[in-house]
Amino acid sequence: MRAVVFYEHGDLDRITVADLPLPEIGPDEVLLSVKAAALNRLDLWVLAGWPALKLQLPHILGSDGAGVVAQVGSQVMGFQAGDRVAVNPTYSCGQCDFCGSGRDHMCDRFAIFGEHLPGFYADYIKLPARNLLPLPDHVSFAEAAAASLVFVTAWHSLIIAGGLRAGEDVLIVGAGGGVNTAAIQIARLAGARTIYVVGSNAAKLAQARELGADVTIDRTQEDWSRAVFKATNRQGVDIVVDNVGAATYHLSLRALKKGGRLLTVGNTSGPKFEFDNRLMFGKHLRIIGSTMGPQSDYERVMGLIFQGKLHPIIDAAYPLAEAPAALHRLRHGDVAGKLILEVDR
Ligand code: ZN
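Here the structure is a predicted model, which is why all the values come from computation and not from measurement.

About the criteria used
Sequence order sets the numbering: in each chain, residues are counted from 1 along the sequence as written. Local features in this predicted model are restricted to residues whose pLDDT is 70 or higher, and side-chain atom pairs enter the listing and the counts only when it is 80 or higher, whereas totals over whole chains, interfaces and linings include all residues. Processing note: side-chain calculations cover all non-hydrogen atoms of the structure and skip hydrogens and water entirely. Runs of E in the DSSP output that reach at least two residues are strands. Runs of H or I that reach at least four are helices, and both are numbered from the N terminus. Our radius of gyration is a C-alpha quantity, and the globule rule it is checked against amounts to 2.2 Å times the number of residues to the power 0.38. Here the term buried applies to any residue with accessible area under 20% of the maximum for its type, exposed to any over 50%, and partly exposed to those in between, with areas from a 1.4 Å probe on protein chains only. Whether two residues are in contact is decided by their heavy atoms, any of which lying within 4.5 Å being enough. Exposure was quantified through the Shrake-Rupley algorithm and a 1.4 Å probe, taking into account, for residues, occlusion by the shown protein chains and nothing else. When charges are counted, Lys and Arg are positive and Asp and Glu negative, with His and the chain ends excluded. In this description, the location of a charge corresponds to atom NZ of lysine, CZ of arginine, CG of aspartate or CD of glutamate. A pair is scored as a salt bridge if a Lys or Arg side-chain nitrogen falls within 4 Å of a carboxyl oxygen belonging to Asp or Glu. Per the annotation, domain bounds derive from an automatic or database assignment of domains. Here's the idea: put two parts together, see how much 1.4 Å probe accessible area each one loses, and the total over both is what we call buried area. Contacts described as polar in this section are N or O atom pairs within 3.5 Å, which, within protein, must combine one atom able to donate a hydrogen with one able to accept it, while residues neighboring in sequence count only if both atoms come from side chains.

Visitor: Looking at this model, I keep getting lost on the overall build of the protein. Mind explaining?
Guide: A tally of regular secondary structure across the protein gives 10 helices and 18 strands. Taking 20 Å as the expected radius of gyration for a compact globule of 345 residues, we find that the protein reaches 20 Å, a close match to that expectation. Expressed along its principal axes, the backbone C-alpha trace of the protein runs to roughly 60 × 40 × 40 Å. Split into buried and exposed, the 345 residues of the protein put 55% on the buried side. Long-range contacts, defined here as pairs at least 24 residues apart, represent 70% of the contacts in the protein between residues at least 6 apart. Entry remark: accessible area of the protein is about 14,900 Å², with carbon and sulfur atoms responsible for 50%. Looking at charge distribution, the protein has the averaged site of its 33 positive side-chain charges lying 9 Å from that of its 35 negative ones.

Visitor: Which parts of the structure should I look at to understand the pattern of salt bridges?
Guide: Side chains bearing opposite charge may pair, as long as their charged atoms lie close to each other. What the rule picks out here adds up to 15 salt bridges. Where Arg14 meets Glu8, a salt bridge forms, and the shortest distance between an N and an O atom there is 3.0 Å. In this structure Arg14 comes out as partly exposed when scored by relative accessible area, which is 36%. Taking the shortest distance from any N to any O, the salt bridge between Asp169 and Arg193 comes out at 2.8 Å. With Asp169 in the loop between helix 3 (141-161) and strand 11 (170-173) and Arg193 in the loop between helix 4 (178-189) and strand 12 (195-199), this pair connects stretches of sequence that are 24 residues apart.

Visitor: Any chance you could explain the domain arrangement of the protein here in plain terms?
Guide: As a measure of interface size, the accessible area lost when the parts come together is often cited. Along its sequence, the protein is carved into domain 1 (2-135 + 313-342) and domain 2 (154-289). Taking only C-alpha atoms, the centre of domain 1 and the centre of domain 2 are 29 Å apart. Facing the six residues of domain 1 at the interface are eight residues of domain 2. For the pair domain 1 and domain 2, the summed buried area comes to about 610 Å², and 59% of that belongs to carbon and sulfur atoms. The tally of links between domain 1 and domain 2 comes to zero salt bridges. Our count for the contact surface shared by domain 1 and domain 2 stands at one residue pair in polar contact (both at pLDDT 80 or more).

Following this line, the structure appears as structure tokens:
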């Protein structure tokens, strides 16, 4: 089968399309014929590598995908060859205490397809059947792939970990990016009062307003932390979604109301930074981190997508063989929404 892989960590020039043997499935697994996959910044970090990341090489990239079941293991119930499915990108063992208590995103053997395990940029992938969700006919494979990682992540962060309630004010730092565009929609659906979005690009800010943002702030024009503080009568907001990190954290903490929560699922501008701890205790703040979400959240948020209440944003689609060009665009281009690989094209 064709697979987009790298044989050693490094830059984009390490990416190649290889011919690999079909994966062999276990009793509780299915073989999925991948129809669409979606790119994530995670792909670039995995390609670059980090000391603790030990991969079996060549490594197949891709954390998001959807397709058709090609083969089922002997113990798989509820799915059969030919079924259209979406896939929760989080691997869990199904056996540890975390899995037993519905917190499979905290599994002792937690992994993400495409990060620690072979990913979706291939004709086929093997997956535990418990990761699958039946995909209704009216939802495309591209939409399912585009939605999976970012919507389960944003849903779990805002609704479950962050406890967003109707009537609260929310600030989202960053207007583009999959998690942020998901977070805007989820905050709207959950009944947030005023949604503020900070960005640097007029087109992305316009898109943020279309998705449900009430107030957009161009950070190249004004001090956004001060602008939010002013707009809230010097009270600040209840929740800040900050997945930027080093460049924005201190401003995000400043923009929070007393008792506010800063939610984080990542750090695109770098993971290590300083902040003024007096803000933390003086304003009774909480920082709430999470990564991905359990299968129950995945089913909940994908159900809302299937009902048309939440919408994955797709920027462009490429054939599988053009994965290197798509990854290049993800790194260097101005992307508004998800980039898709159409695997059977
Ligand atoms: Zn487990």
